[in-house]
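So you can see what is in the structure, the chains are spelled out below.
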Amino acid sequence: MFRSIIEERPHWRNTASEYGFTFHTMHGAAYWDESAYYQFSLQQIEQDIEAPSEELHQMCLAVVDKVIGDQQWLEKFQIPEQHWDFIRNSWQTKESSLYSRIDLAYGGNGPAKFYENNADTPTSIYETGFWQWLWLQDQVNAGKLSRKADQFNSLQEKLINRFAQIKFQHLHETLYFSCCKDTDEDRGTVQYLEDCATAAGISCQFIYIEDIGLSADDCFTDLDNHKISWMFKLYPWEFMLREDYADALVDSQVSWIEPPWKSVLSNKAILPMLWKLYPNHPNLLASYFEEDLKNSQLTNYVKKPIFAREGANISIHLAGEQVYASDGPYGDEGFIYQDYHPLPAFGDNFTLIGSWLINGKAAGISVREDKNKVTQDLSRFMPHIIL
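Just so you know, these numbers come straight off a predicted model, no measurement behind them. (Residues numbered from 1 in each chain as written. Predicted model: local features only at pLDDT ≥ 70, side-chain atom pairs only at ≥ 80, totals over all residues. Heavy atoms only, no water.)

A. Region of interest: the overall build of the protein chain. In terms of helices and strands, the protein chain carries 11 helices and 22 strands. Compactness check: the protein chain gives a C-alpha radius of gyration of 21 Å against a globular reference of 21 Å for 387 residues, within 12% of the reference. Dimensions of the protein chain, computed from the C-alpha atoms along their principal axes, are close to 60 × 55 × 35 Å. For the protein chain, buried positions account for 57% of its 387 residues. Residue pairs in contact within the protein chain that sit at least 24 positions apart in sequence constitute 70% of those at least 6 positions apart. (Helix = DSSP H or I, 4+ residues; strand = E, 2+ residues; numbered from the N terminus. Rg over C-alpha atoms; globule rule 2.2 N^0.38 Å. Buried < 20%, exposed > 50% of the residue type's maximum accessible area, 1.4 Å probe, protein only. Contact = heavy atoms within 4.5 Å.)

Now the structure itself:
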């Protein structure tokens, strides 16, 4: 694995406009960066990323199965008690999941280390599934990359196939897609997923989260007061379970993508649970709840809020001293503590691998890099190849 400099495509911004990729630059800084790419060997992809990702996913599902049936663990995961049955029923009836992204620290040598599971509302799927694949085709056709260059990327194909599978549980229903207003990245993500669902033969409609109504009989409705019975929402379950409308979630009889049981799978409390069930697994980092930290042997660790996203409220502690901290709105829900395993550095860039899974099957990777040691929402997205 190495980082290689390459010429940018001369008119890629025009192409981005053509394809509706409006968030390639955010707040004046480059988010999509094609001035370099990361190269992997096929063995690195298959043995160090693909196979471990699928194994880690199954391990995480085993944790969900344990947590769902145990009051103690549901409390540890900060799941509101009034929604325990709602989430438990979602798991026991095997409500369908679409996708997830596992974040890994991997520099080309040794086992990839599992950082966390973005299993509820992962973004950067458009950049991974479509845009970096288009970059590869263009650069090969321009003679900038070898025609033998490939990419670990079956994401779009698997998304369409998965939507087609789920469709048969919802014949003649409209699938609503939703995200919050005033976020180009979320809107772009949802539009891409809507396009994939449409390609699978599903009737789709979009509505912003803020525009969803609630009828007198606890049904969620669109702007024309039509009942919503099937919805993809790019909105976290930990928020939904605490909204004013949370008590209506059961009676609304909506089938959700992602399903309610993802509130356990996407929760960072899963990290110490994994370490309890699979101690010393080569892809895991030692992780603990706060009350267990003093009895551990961790001297260097990362403190993570249970609900944090996009690198918010993360702090790094080395030999008892805090050496890094990020701002954010999280932390009241409690923290977990994970053994400090720094991201690999390529020059002065710290690089994170996002490994995508569709219905539990590895489907491709995204590569993010940053000058900071913690990957955040504006960290650059870099393309990759296999050669």
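B. Broad picture of helix α6 (residues 155-167). An ideal rise of 1.5 Å per residue puts 18 Å on 13 residues; α6 measures up with 18 Å between its terminal C-alpha atoms. For α6, the complete set of buried residues consists of Leu155, Leu159, Arg162, Phe163 and Ile166. Along the long axis of α6, the arc covered by the buried residues comes to 100°, so they all point the same way. Where α6 is buried, its residues contact α5 (125-141), β7 (174-178), α7 (184-199), β11 (230-233), β19 (349-358) and β20 (361-370). (Expected span 1.5 Å × (residues − 1). Arc of directions from axis to C-beta.)

C. Up close: empty space enclosed by the protein. This model, assessed by the stated rule, comprises 3 cavities of 30 Å³ or more. In this structure, the largest cavity occupies an estimated 100 Å³ of space. Around the largest cavity sit 13 residues that line it, and Asn117, Ser266, Lys268, Ala308 and Arg309 are the ones nearest its centre. With 3 residues, the top contributor of residues to the lining of the largest cavity is strand β6 (residues 113-118). For the lining of the largest cavity, the class distribution of residues is 4 nonpolar, 4 polar and 5 charged. (1 Å grid on protein atoms, 1.4 Å probe; cavity = no way out; pocket = protein on both sides within 12 Å on 5 of 7 lines; lining within 4 Å. Points joined across faces, edges and corners; volume = space filled by probe spheres on them. Nonpolar A, V, L, I, M, F, W, Y, C, P; charged D, E, K, R; others polar.)

D. Representation of the sheet that holds strand β8 (residues 203-206) within the structure. In space, the 4 strands of this open sheet follow the order β8-β7-β11-β12, with parallel pairing throughout. In the strand order of this sheet, the two ends are held by β8 and β12 (255-257), each with one partner. Strand after strand, the sheet turns through a mean of 25° between neighbouring axes, direction not considered. Bridge count for β11 against β12 is 3 bridges, and the pairing is parallel. The residue bridging Trp230 from the neighbouring strand is Ser255, located in β12. Against the sheet, α7 engages β7, β8 and β11, with an angle of about 165° to β8. (Pairing = 2+ DSSP bridges. Axes fitted to C-alpha atoms, helices over the stretch in contact; angles between N-to-C directions.)

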